[in-house]
Amino acid sequence: MSELHPALEQIIHVVDDDEALRDSMTWMLEGNNYKVLTYESAEAFLEGCRPDMAGCIVLDVRMPGMSGLEMFEELGRRRCTLPVVFITGHGDVPMAVSALKKGAVDFIEKPFSERDMLRLIEQCLTLEREGRSKRLQEADTARRLDHLTQREREVLDLIIIGKLNKQIADVLGISIKTVEVHRARVMEKMGASSLAELVQHVVTVEPGALLR
Amino acid sequence: MFRSDSARGDPSHRYWAVPCVVMLFFALGMLALVWLLLQPGFEIEREVALRELQWALPAALILSLSVLVLWSLWSLRIHVQRREQVEKERDRLFDLSLDMLCVAGLDGRFRRCNPAFERILGHAPDSLPGRPMVDFVHDGDIVATLDALHCLAAGEPVKFENRCRCADGSYKWLAWSINPVPEGGLVYAVARDITGNKAAEQALRAESAFRKAMEDSVLTGLRAIDLSGRIIYVNSAFCRMVGWSEDELVGATAPFPYWPKDSLDVCARNLQMTLDGHAPASGFELRIQRRNGELFDARFYLSPLIDASGQQTGWMASITDITEPKRVRAALEATHERFEAVLDGLDAAVFVADARSDEILFANRAFKRINGFDTVGRTVRGVAVPQPERGDYRVDPRGLTAADLPRELFDGELQHPVSGRWYHVREQAMRWVDGRVVRMGIATDSTERKQTAEVARQQEERLQRTSRLITMGEMASMLAHELNQPLSAIANYCAGCVTRMQGGKWKPEDVLAVMQKASFQAERAGKIIRRVREFVKKSEPRRSAVKLVDILDDALGFADIDARRTGIRLVADIEPGLPPVFADRIMIEQVVLNLIRNGLDAMADTLPEQRLLVVRARRCGEDMAGAAGAIEVAVIDRGHGISEEGRQRLFTPFYTTKAEGMGMGLNICRSIIEFHDGRLIVDDNPEGGTIFSFTLPAESVSERVAPSA
């Protein structure tokens, strides 16, 4: 997929009030070839937050001002889909658990090892990348569906629910030949190389199509 | 000598008429003779006649003269007789006159005086002539008298009054009327005794002066109107009151100048009421106006004005300016109301009761709210709860006299047996407004204050607990928190370096800078450790030999408040003669208090009669094996007990079953006891509930341990 939809550059956003931790995180992550941006507070991050951001967020739970948890909730409200790794201190575990239940990827307790941190970050980035590809794919399919003619759409709907060309011709009251032409055009327009691929694409966008 | 006007008339005319008639006849005779002689027939005899005439004329003349003389003598006699008569009458009048009559010279000396002088002044008329009038004049009247005499000398008649001395030395008022007769060099004087009049006049004047003074001095305005409503009299007080002069007011009719313009109808109605005789006996109040426009309240009292003949001629009104009294009264009322409002507004219950009879004379609203709204008139002993017992008073209020006042009777905290609320009650003996000895009580609900104080104390305790009696668990938690940051940073820096070095693409200067940062973070961690160590040092217990009894007493004293509030019996069961323990007094006290509190809390749901908490202290030798001994303190409650699961977690930090608990209490307690080389044990109470007990080594034992601790 990624070759079909070249990924945006993924950036790791580190939000922590401790300057030493931000600096050391940058040093550590850059050593692993990640691009890092740091923010000294939740507010600072939210200010620079864009919908088209790619990457993930490493978020300290306990911060003066807006806490990590509050910021996470705010991201949810803003429909920001960046995966979040929480860093917790001593005694913040219950808080982190509740964050996890609300959809955070994971939490990591201070002090953490480089290996654990990198594993979590890689996990996040993959998740994010896949999610983004999926969204792109869906957008592409939707766009292609829009380009179908009325008749082509009708044919497509019947193909998806597993009708044969003959049945389609009967239902629509047209010749099998015509159905075949439409079918070929649908496959072309949807960029699908096989019937399975076609069905998969359409169903991700219109999950109800199978039930018709 | 004495001439009166009436004596100058008729008789003198007659005296002249007689000679005139005689002369007339004589003249006529002469004329008739001359005529006869001139007749022609008498020419012959004219000679004879002339001769005869020469003879006859003197004869006739003599004859007529004789007649004339005779007649004159006769009439003179008549005249003298009459004159004597008149003079006699005059003298009689002169002598009989009730007024004093006298003749004096212009030099002021008496010439003649009538007997009235003797009757009135007592001086014999004979003794007076020749003496100057001023000799008899009162010293105070001499000047006026001399003035009058000067006028006389100038020929003017005078009238004046003076006082003249009587023979007996007293003085009498005389009214003089003196006419001068300058040609005669005399004055004729009439003097009348007016002493009586004078006295009456004097009395009258004195009375009128008195009345004037009285009128002027009274502050009450007086105003009389006649039956038509016209003002016929005002006194000066009324003039002063309203600002108009008497002249302006007397004669005025309604509307009177002092009626305010905007309430003329009210004033007119009142006037009509007055004239109709319907003014209330208690008078009425009317707002009237001064000349300067200032309004004031006046009270009018009216009474009919009756003249000497018993006829009503009008109405007399007395008017009082009641602005000031009204203001004072209003101020007094306001003060009273304020006073009552303040007392009623108080949360404190206030009463005043007779010291002897205990009858409640005054109670404010709060008192009535607590003790019933019909308390006034009843006795304090009968209605008030809570109240001190007789024995609680410093002195018996019933025996106090006025000389002992004021005196404080009671000052303490009492609990209402039913509501359970606490009251701070103060009673004082004082003198009541009517002079009798009363006791005044003020009860302030101090429940909240007590609770607040209690909460404050608990907070203080908690603070002490957290700051001073920190456990290792807590310390570790704090340390972990503080150390996380630098450790994480160091780990990151190092990991970054390792990654780069493994990858082979690194610049020494970069790594150097980062290693410096890492070492700085390590220093930061070191500082945190140091700070914690100092903190720990500061909170180290200070142990000394202390009597366990003292510690337990203090702890029980504190806990007693809670126990009483919750209706729990606290029983101390302390073995006598316990040896001192080597301990930090405050720490052990905290442990005991904490255990007692837990026990009290655990009994919240226990039946009231079973609410009993025992604090027991006794020797036990078995703990310190072979040593002189230890002391065991046990806190035994009858509460809900502790489940098996609860018991396992009992000493875990942050484990709590209380809503506001921190979950540190028992943990701290155990730390403290262990620090004191003792043990904190929890057991089930066979009678239900829990027993927390700890041991402390007796002092003789711990002395050896202390230096190493």
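Enquirer: Go over empty space enclosed by the protein with me, naming the residues and quoting the values.
Expert: All names here are of chain B. Within the structure shown, the criterion is met by 5 cavities of 30 Å³ or more. Roughly 60 Å³ of internal volume is contained in the second largest cavity. Considering the residues around the second largest cavity, the lining is formed by Arg223, Phe256, Trp259, Cys267, Asn270, Leu271, Thr274, Phe284, Leu286 and Phe300. Elements supplying a minimum of two residues to the lining of the second largest cavity: α8 (264-275) and β8 (284-289). Broken down by element, the residue count for the lining of the second largest cavity peaks at 4 residues, all from α8. Tallied by class, residues from the lining of the second largest cavity come to 7 nonpolar, 2 polar and 1 charged.

Enquirer: Which residues make up the pairing of strand β3 (residues 158-165) of chain B, and what are the values?
Expert: Residue and element names in this part refer to chain B. Residue alternation in β3 divides its side chains into a buried set, Val158, Phe160, Asn162 and Cys164, and an unburied set, Lys159, Glu161, Arg163 and Arg165. The pairing of β3 with strand β4 (residues 171-181) spans 8 bridges and is classified as antiparallel. The residue of β4 that forms the bridge with Arg163 is Trp173. Here β3 hands over to β4 after 5 residues, with Gly169 in that stretch at a positive phi of 90°.

Enquirer: Go over the packing of helix α5 (residues 114-146) of chain A against helix α8 (residues 176-190) of chain A with me, naming the residues and quoting the values.
Expert: All names here are of chain A. For the pair α5 and α8, the least separation of the axes is 9 Å and the interaxial angle reads 145°. Judged by the sense of rotation from one axis to the other, the crossing of α5 with α8 is right-handed. Contacts between α5 and α8 involve Thr141, Arg144 and Leu145 from the former and Glu188, Lys189 and Met190 from the latter. Counted by class, the contact of α5 with α8 contains 2 nonpolar, 1 polar and 3 charged residues.

Enquirer: How would you explain helix α9 (residues 195-205) of chain A if you had to name every residue and give the values?
Expert: Residue and element names in this part refer to chain A. Within α9, burial applies to Leu198, Val199, His201 and Val202. Looking down the long axis of α9, one finds its buried residues gathered within 165° of arc, a one-sided arrangement. Exposed residues lying more than 90 degrees from the buried face of α9 are Ala196 and Gln200. Close packing links the buried residues of α9 with α5, α6 (150-160) and α8.

Enquirer: Report on the nonpolar core, specifying residues and quantitative values.
Expert: All names here are of chain B. Core analysis: the largest hydrophobic core is formed by 39 residues, its most contacted members being Leu548, Ile588, Leu595, Ile596, Leu613, Leu680 and Phe694. Looking at this core, the elements with two or more residues in it are α15 (548-566), β18 (581-583), α16 (585-602), β19 (612-620), β20 (630-636), α18 (665-675), β21 (680-684) and β22 (690-697). When residues of this core are assigned to their parent elements, the largest contribution, 8 residues, is made by α16. Apart from residues lying up to four places away in sequence, Ile596 is in contact with Leu556, Ala559, Leu570, Leu613, Val615 and Val635. One finds Leu128, Met133, Leu149 and Cys164 within the second-largest nonpolar core, a separate group that totals 26 residues.

Definitions and limits used
Residues numbered from 1 in each chain as written. Chains lettered and ligands numbered in written order. Predicted model: local features only at pLDDT ≥ 70, side-chain atom pairs only at ≥ 80, totals over all residues. Heavy atoms only, no water. 1 Å grid on protein atoms, 1.4 Å probe; cavity = no way out; pocket = protein on both sides within 12 Å on 5 of 7 lines; lining within 4 Å. Points joined across faces, edges and corners; volume = space filled by probe spheres on them. Helix = DSSP H or I, 4+ residues; strand = E, 2+ residues; numbered from the N terminus. Nonpolar A, V, L, I, M, F, W, Y, C, P; charged D, E, K, R; others polar. Buried < 20%, exposed > 50% of the residue type's maximum accessible area, 1.4 Å probe, protein only. Pairing = 2+ DSSP bridges. Axes fitted to C-alpha atoms, helices over the stretch in contact; angles between N-to-C directions. Left-handed = near helix turned anticlockwise from the far one by under 90°. Contact = heavy atoms within 4.5 Å. Arc of directions from axis to C-beta. Core = buried A, V, L, I, M, F, W, Y, C linked by side-chain atoms within 4.5 Å.

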